[in-house]
Amino acid sequence: TLFYYLTTQTQAAHLYNNCDSSSIPAVCLASVQTCRCTVLDWSRCPAIPGTKIGPVEIAVSPNNNAVNIYEKNGKDWVKIHELTEHSGRITGIDWAPQSNRIVTCASDRNAYVWTLKDGVWKPTLVLVRINRAATCVKWSPLENKFALGSGARLISICYFEQENDWWLSKHIKKSICSTVLSLDWHPNNILLAAGSADLHCRIFSTYIKDIEEKPGPTAWGAKMPFGEMMLEHKDCGGWVHSVSFSPSGDQLAWVAHNSSISVADATQGKEVIQLTSDSLPLLSVLYISPTEIVAAGHDCCPYQYTYKGPRSLEFVKKLDIPKQTSKGNMSAMQHFRNLDKKATDEEIGDLDALHQNSITQLRIVSLDKAKVVQYSSVGLDGAMVIWDFKP
Amino acid sequence: MSKNTVSDRFRKVDVDEYDENKFVDEEEGGENQGGPDEAEVDSLLRQYPLTLSAVLKNPPINTKNQNAKERAEQLVVKVLSSFKSSDIEKAVGSLDKAGVDLLMKYIYRGFEKPSDNSSAVLLQWHEKALAVGGVGSIVRVLTARKTV
């Protein structure tokens, strides 16, 4: 694992542990969804012709209204761009790998699409037409549109209109009663899963006939006019913090605030299986492989789950196994210091995990032929950790 | 300046009721949820060993009938108090995940209205239920919109 600590003061990310730079992948994927503290996004920069390795960049927002882009230079992260256009706190960043565009959304009810022109990121305003803060944003797999969730109880599907050279939006409002907290796209570029604060998890169709072909049938249904609800799972037990489609798109996993993880399986008649856990609620979920799911949240540690077929959603293991540090003997001075500071002379160490506070977001960092090799986690402690996934 | 500067009755108006976008929980029929059967539970109390299964049956979760909920709660506390301290762990161990969650809900409901020795007994049950259900079971008590 690689561990980075993002500091806002010095505006640079410092490396804490030695990292093996040969593990930097040739193609870096990743986009980070909204994070309550730090919003993080990986880029997928096209490799310089002739070399295998392209520059590794991340777009980070340290809980303010600016987005900073850092580039990895050897062992250091160097800030190379600052994107300032939003007037409210950034709530979502998504970096489209193929077209190299960044979409950002903020609590100022706006979204901007950024394109790199002559080495400078230029923003284009998107007409989202919402009257509440935007909460999350995601490019579709083909990057011809993106979905924006908001507190206005609707989802804006935005696409580029060539004629007038601007981004237009169409709204999905049907049956959504509260803030949209999370979004994820189905690989067919049409279906969109949305987790909401009204305790429901839904899948909508976002087919826009002006810009794309009519979609073929999927396991979720055959008729997909715009706004059609292909799945509505009521009462997920709590706010649905995060949703994630499986690589094939036939399963949808989500985590809710009642400390549970659920999977809906289209191949089993959209049957939903829920697994409750005995730990604190999970905030982010990621389908890492056709059967393995990684989720993390207030327990500050990523967990691995597996879904291999009907009625078999199981916990596999905790993914953060900290090295055993020798505690050693406490000196008398330490005893008194602890008594003075913390009212106890027990050795109160840090949390037994890499993250010292809740993990708010998981993102895929790199793929190797459609298999996830690395993923990242960011947390309320301002730290970013890159994890290797070993199936 | 408005005429009426003395009355503060306006402060008692529940503005949320007038919000047309107010979030309403879905109504689910709970009419036939009367709570655990008193007679059955009473007869089981006289038997030994005591079991939880009867009193955890048919919880009044979906109903809005406060009487049913209170009756169920009193019954549960009565049963929990009848257990010997040494038997609590085994009783909790015999429950499945959903049973532990339900037990936690009743325990916290019991904390709300303490009587005599109830809190001490409930604390013992809470400790054992926590060991099995973890903090997740407490989170589910807090997030459940429809509870006992």
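Residues numbered from 1 in each chain as written. Chains lettered and ligands numbered in written order. Predicted model: local features only at pLDDT ≥ 70, side-chain atom pairs only at ≥ 80, totals over all residues. Heavy atoms only, no water.

Participant: Could you give an account of the overall build of chain B, naming the residues involved and the relevant values?
Facilitator: Within chain B, the secondary structure is distributed over five helices and zero strands. When the elements of chain B are put in sequence order from the N terminus, they spell out α-α-α-α-α. Here chain B has a C-alpha radius of gyration of 20 Å; the compact-globule value for 148 residues is 15 Å, and the former is much larger. Counting only C-alpha atoms and orienting by the principal axes, one finds that chain B spans roughly 75 × 30 × 30 Å. A total of 148 residues make up chain B; the buried ones form 36% of that total. (Helix = DSSP H or I, 4+ residues; strand = E, 2+ residues; numbered from the N terminus. Rg over C-alpha atoms; globule rule 2.2 N^0.38 Å. Buried < 20%, exposed > 50% of the residue type's maximum accessible area, 1.4 Å probe, protein only.)

Participant: Which residues make up the overall build of chain A, and what values go with them?
Facilitator: Scanning chain A from terminus to terminus reveals one helix and 29 strands. A burial count over chain A gives 55% of its 391 residues as buried. At a minimum sequence separation of 6, the contacts of chain A that also span at least 24 residues come to 48%. Surface accessibility of chain A: about 17200 Å² in total, with carbon and sulfur atoms responsible for 51%. (Contact = heavy atoms within 4.5 Å. Areas by Shrake-Rupley, 256 points an atom, 1.4 Å probe, with all protein chains shown as cover.)

Participant: Which residues make up the pattern of salt bridges, and what values go with them?
Facilitator: By the definition in use, this model includes eight salt bridges over all chains. A salt bridge links Arg363 of chain A to Asp94 of chain A, with the shortest nitrogen-to-oxygen separation between them at 3.2 Å. Note that Arg363 of chain A is positioned in strand 27 (residues 359–368) and Asp94 of chain A in strand 7 (residues 90–96), a separation of 269 residues in sequence. Just as Arg363 of chain A is buried, Asp94 of chain A falls in that class too. As a salt-bridge pair, Asp101 of chain B and Arg140 of chain B come within 2.9 Å of each other at their nearest N and O atoms. Of this pair, Asp101 of chain B sits in helix 4 (residues 97–112) while Arg140 of chain B sits in helix 5 (residues 118–143), and the two are 39 residues apart along the sequence. The pair formed by Asp101 of chain B and Arg140 of chain B is uniform in burial state, with each residue classed as buried. Sharing partners across several salt bridges, the network here consists of Asp198, Arg202 and Glu232 of chain A. (Salt bridge = Lys/Arg side-chain N within 4 Å of Asp/Glu carboxyl O.)

Participant: Could you give me a rundown of the sheet that holds strand 23 (residues 282–287) of chain A, with the residues and numbers involved?
Facilitator: Residues and elements named next belong to chain A. Strands sit in the order 23-24-25-26 across an open sheet of four strands; the sheet is antiparallel. Whereas interior strands pair on both sides, the edge strands pair on one side only; in this sheet they are strand 23 and strand 26 (313–318). Strand-to-strand twist in this sheet, taken as the mean axis angle between neighbours without regard to direction, amounts to 30°. Across five bridges, the pairing between strand 25 (residues 303–307) and strand 26 is antiparallel. (Pairing = 2+ DSSP bridges. Axes fitted to C-alpha atoms, helices over the stretch in contact; angles between N-to-C directions.)

Participant: Requested: an account of the sheet that holds strand 18 (residues 229–233) of chain A, with residues and values cited.
Facilitator: All names here are of chain A. Ordered in space as 15-16-17-18, the four strands form an open sheet in which the pairing is antiparallel. At either end of the open sheet lies a strand with only one pairing partner, and these are strand 15 (180–185) and strand 18. Strand-to-strand twist in this sheet, taken as the mean axis angle between neighbours without regard to direction, amounts to 20°. Summarising the sheet, strand 15 and strand 16 (residues 191–196) pair through five bridges and their orientation is antiparallel. Paired with Trp185 across the strands is Leu192, a residue of strand 16.

Participant: Please provide a residue-by-residue account of the side chain of Ser150 of chain A, values included.
Facilitator: All names here are of chain A. Inspection of the secondary structure assignment puts Ser150 in strand 12 (residues 145–150). Judged by its relative accessible area of 0%, Ser150 falls in the buried class. Not counting residues within four places of it along the chain, the set of residues in contact with Ser150 comprises Ile130, Ala133, Ala134, Thr135, Thr179 and Val180.

Participant: Explain a nonpolar patch on the surface residue by residue, including any values.
Facilitator: Residues and elements named next belong to chain B. Among the surface-exposed residues, Phe10, Val13, Val15 and Tyr18 lie close enough to one another that they form a single nonpolar patch of about 490 Å² accessible area. Along the chain, Val15 turns up in the segment before helix 1 (38–46). For Val15, a relative accessible area of 60% corresponds to the exposed category. (Patch = residues over 30% accessible without salt bridge, like charges linked within 9 Å, V, L, I, M, F, W, Y side chains within 5 Å.)

Participant: How would you summarise the UniProt feature "repeat: WD" (unreviewed entry) in chain A if you had to cite specific residues and measurements?
Facilitator: As recorded in UniProt, the feature "repeat: WD" (unreviewed entry) lies at residues 83–119 of chain A. Helix makes up 0% of residues 83–119 of chain A and strand 59%. Its end C-alpha atoms lie 12 Å apart. (UniProt positions renumbered as here; feature names shortened; annotations may be inferred.)

Participant: An account of the environment of Ile88 of chain B is needed here, citing residue identities and associated values.
Facilitator: Residues and elements named next belong to chain B. Of note, Ile88 is situated in helix 3 (residues 88–93). Looking at Ile88, the relative accessible area reads 3%, which means it is buried. Apart from residues lying up to four places away in sequence, Ile88 is in contact with Phe83, Gln124, Trp125 and Lys128.

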